[in-house]
Amino acid sequence: MDFDVKNIDLATGGRHRIEWAELEMPVLRGVQKQFGEDRPFAGLRISACMHVTTETANLMVSLQAGGADVVLSASNPLSTQDDVAASLVSHYEIPVYAIKGEDNETYFKHINAVLDHNPHIVMDDGADLVSTIHKSRRNLIDTMLGGTEETTTGIIRLRAMARDGALKFPMMAVNDALTKHMFDNRYGTGQSTIDGVIRATNVLIAGKNVVVAGYGWCSRGIAMRARGLGANVIVTEVDPLKALEAVMDGYRVMPMNDAAPIGDIFVSATGDIHVFDEHHFMAMKDGALLANSGHFDVEINKPALRKLAVDEPKRVRPFVEQFKMKHNGHRVNLLGEGRLINLAAAEGHPASVMDMSFAGQAMAAKYLVDNKGQLENRVYTVPQEVDQEIARIKLDAMGIKIDTLTEEQAAYLDSWEEGT
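Basis of the calculations
Residues numbered from 1 in each chain as written. Predicted model: local features only at pLDDT ≥ 70, side-chain atom pairs only at ≥ 80, totals over all residues. Heavy atoms only, no water. Disulfide = S-S within 2.5 Å. Buried < 20%, exposed > 50% of the residue type's maximum accessible area, 1.4 Å probe, protein only. Pairing = 2+ DSSP bridges. Helix = DSSP H or I, 4+ residues; strand = E, 2+ residues; numbered from the N terminus. Contact = heavy atoms within 4.5 Å. Axes fitted to C-alpha atoms, helices over the stretch in contact; angles between N-to-C directions. Right-handed = clockwise from strand over helix to strand, strands pointing away. Core = buried A, V, L, I, M, F, W, Y, C linked by side-chain atoms within 4.5 Å. Parallel < 35°, antiparallel > 145°, perpendicular 65-115°, else oblique. Left-handed = near helix turned anticlockwise from the far one by under 90°. Nonpolar A, V, L, I, M, F, W, Y, C, P; charged D, E, K, R; others polar. Expected span 1.5 Å × (residues − 1). Arc of directions from axis to C-beta. Patch = residues over 30% accessible without salt bridge, like charges linked within 9 Å, V, L, I, M, F, W, Y side chains within 5 Å. Areas by Shrake-Rupley, 256 points an atom, 1.4 Å probe, with all protein chains shown as cover. Salt bridge = Lys/Arg side-chain N within 4 Å of Asp/Glu carboxyl O.

Novice: Go over the state of the cysteines, please, and point to the residues and values.
Specialist: This model, assessed by the stated rule, comprises 0 disulfides. We note that cysteine 49 lacks a disulfide partner, and the nearest cysteine sulfur, in cysteine 218, lies 18 Å from it. Classification of cysteine 49 by relative accessible area gives buried; the value is 0%. Assessed through its relative accessible area of 16%, cysteine 218 is described here as buried.

Printed below as a string of C-alpha cells:
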C-alpha cells in the first residue's frame, strides 16, 4: 500500500484518539452500522481531501465499512494530525497522504496522489480536488459520479464553476445542510477558534477587544464564544442585513478601518481575500494578534505584512510569528501562519459536532450513488429529510425527546380553509 505520512510509529496513539472521538459520534456510528449491512459503495473508489483529524478518520472508516475503496489527503498543510494519519494507514489500511507542516509542493503532490486513485466520488474541504480535476486531470471526469463539499469557501468556488458552466459533474453542498452550518460552523468554529488562539498565545480573552470579520455562521460562533469569555466584541461586515443582525445581537459594528486601531485580537472567517490588509496593519496597536478561521490563508494579506516589517518575523512561540513594523515599531503577531487557527494550533472542532457534519457527508455520498445518472452538473443541497433524520438521531443519542404533531394539528397546518 502506497502512502506518505510523517511517522508510522505514531499509529498506536492515533488509534486511541480515533476511538475516543468515536464515542462522541453516535450519528455517524449508526450510519456506519447501516453501511456495513447495505454496502452502498461496493466497487466504488472515493478520494477525499479533508482535514486529517480523528473525526475525519471515523468518516473514512464508515465509508470503508460501506464497501468503498478510500484514500485521503490533507486539505490544509497545517491541519493534519500525524498520529491519526499513521493509524489510518497501519490499523485501517486506508492510504493517507498528509504530513503536518508540508510545503505547497508536497500538498499538491498529495492531492494528485489521491486523484491517481481514479475516484468515482470525491470528498472535498475547499474544492481543491474538484478544481484540480477540472484544470489538469480532466481524464477523470467521465467516470465521476460526483462529489461532496463541506466548506463555505468550497461552495463559493463550486457555485462560481456551475454559474460559468465549468462544473462537469454534480456536487453536494454539505455545508449548506442545516445540521452542518447551524452547528458545525457556529458551535464548532466558535469553540475551536478560541481554543486555537488560546493555545497559540495563552492570552486572557476577558477584557480584550476582539474584532471578528464577517457575521456568517462561523463568525457568529466566534463572536458568541469570545463574548462568553468576557471579550468586548466588534463585528465588521459588508452585508447590511448581517451587520444589522450583529447590532441586534448586541455587538459593536463598524468598518475595519475604525476597528484596526482599537482591536487586540483579530479573527477572520469570511472566505474572502485580504480582509486584513496593509492599511489595517499600519493602524494596529503594539501586540495585536492576527488569526484566520477561513479555509484558505488569503484572508490575511501576508505579503503586505512582510513588506511592512523591519526584517524577517521572529518566532516567539510555536504558532506565533512576530512582525515589527517599520513605521512605528509596533509588533503585530500572526498566528498559525495565517492558516486555520483552530486546526493549526488546536485540534479542530469537537467530535460531537462533527458527528452531524460527517453523517451528512456520508449520506450525501450515498445520495450520489442512489441517483447515479439522474443528476445535472450543478451544486445540490442535501435533501431536507436527510437533515431531519440526522437531527432526530442526534437528539435520541442525547436522551432528548420531542413532541410530534397530532393528526388534528397536521391537518390544520395542511389546510387553507381554517382561519379565525
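Novice: Describe the sheet that holds strand β15 (residues 379–381), naming the residues involved and giving the relevant values.
Specialist: Taken in spatial order, the 7 strands make up an open sheet running β3-β2-β1-β4-β5-β6-β15, and their pairing is parallel. Each of the sheet's edge strands pairs with one partner strand only, and the pair in question is β3 (96–97) and β15. Bridge count between strand β2 (residues 69–74) and β3: 2 bridges; the pairing is parallel. Following the sheet pairing, leucine 72 is matched in β3 by valine 96. The strands touched by helix α5 (residues 104–115) are β1 (45–50), β2 and β3; relative to β2, the strand with the most contacts, the crossing angle is about 170°.

Novice: Account for the pairing of strand β4 (residues 121–124), with residues named and values stated.
Specialist: The two faces of a sheet get side chains in turn, since along a regular strand they alternate between them. Side chains of β4 alternate between two faces, with Ile121 and Met123 and Val122 and Asp124 buried alike. Where β1 lies against β4, 4 bridges are found, and the strand directions are parallel. Of the residues in β4, the one forming a bridge with isoleucine 46 is isoleucine 121. Relative to strand β5 (residues 146–149), β4 runs parallel, the two being bridged by 4 bridges. In the sheet register, aspartate 124 faces β5, and the bridge partner there is glutamate 149. On the question of chirality, the crossover connecting β4 to the parallel β5 by way of helix α6 (residues 128–136) is right-handed.

Novice: Let's hear about the nonpolar core: which residues, and what values?
Specialist: Of all hydrophobic cores here, the largest spans 53 residues; its most connected members are Phe41, Leu59, Met60, Leu63, Leu88 and Val96. At 11 residues, the largest contribution of residues to this core is made by helix α15 (residues 351–370). Among residues more than four places away in sequence, those in contact with methionine 60 are Ala48, Met50, Val70, Leu72 and Ile94. Ile205, Ile222, Val235 and Ile341 belong to the second largest nonpolar core, which has 25 residues in total.

Novice: Talk me through the packing of helix α8 (residues 178–201) against helix α9 (residues 217–228); I want residue IDs and the actual numbers.
Specialist: Two numbers describe a pair of packed helices, the interaxial angle and the distance between the axes. With their axes 7 Å apart at the nearest point, α8 and α9 run at an angle of 45° to one another. Between α8 and α9, the angle falls in the class oblique. By crossing handedness, the relation of α8 to α9 is classed as right-handed. Residues His181, Met182, Asn185, Arg186, Tyr187, Thr189, Gly190, Gln191, Thr193 and Ile194 of α8 form the contact with α9, whose participating residues are Trp217, Cys218, Gly221, Ile222, Met224, Arg225 and Ala226. A class-by-class count of the residues in the contact of α8 with α9 yields 8 nonpolar, 7 polar and 2 charged.

Novice: How would you sum up helix α2 (residues 26–38)? Please name residues and give values.
Specialist: Here α2 is 13 residues long and its end C-alpha atoms lie 18 Å apart, about the 18 Å a rise of 1.5 Å per residue gives. For α2, the set of buried residues is Val27, Leu28, Val31 and Phe35. Seen from one end, α2 has its buried residues packed into an arc of 90°, which puts them on one side. Of the exposed residues in α2, the ones pointing more than 90 degrees away from its buried face are Lys33 and Glu37. Those residues of α2 that are buried are in contact with α3 (54–65), α15 and α16 (384–397). Positive phi shows up at arginine 39, right after α2, with a value of about 50°.

Novice: I'd love a proper account of a nonpolar patch on the surface, names of residues and values included.
Specialist: On the surface, Leu244, Val247, Met248 and Val253 cluster together into a nonpolar patch covering about 360 Å² of accessible area. Looking at which element gives the most residues to the nonpolar patch, the answer is helix α10 (residues 240–248), with 3 residues. Within the secondary structure, methionine 248 is located in helix α10.

Novice: Hey, could you go over the pattern of salt bridges for me, with residue numbers and the actual values?
Specialist: Considering all chains together, one arrives at 23 salt bridges under this definition. For arginine 331, the salt bridge goes to aspartate 286, with nearest N and O atoms at 2.8 Å. Separated by 45 residues along the polypeptide, arginine 331 in strand β14 (residues 331–335) and aspartate 286 in the loop between α12 (278–283) and β11 (288–292) bring together distant segments of the chain. The partner of arginine 315 in a salt bridge is glutamate 337, with the nearest N and O atoms 3.8 Å apart. With a gap of 22 residues between them, arginine 315 in strand β12 (residues 314–317) and glutamate 337 in the loop between β14 and α14 (341–344) connect regions that are remote in the sequence. A relative accessible area of 45% means that arginine 315 is categorised as partly exposed. Each of Arg17, Asp83, Asp195, Arg199 and Glu347 takes part in one network of salt bridges that share partners.

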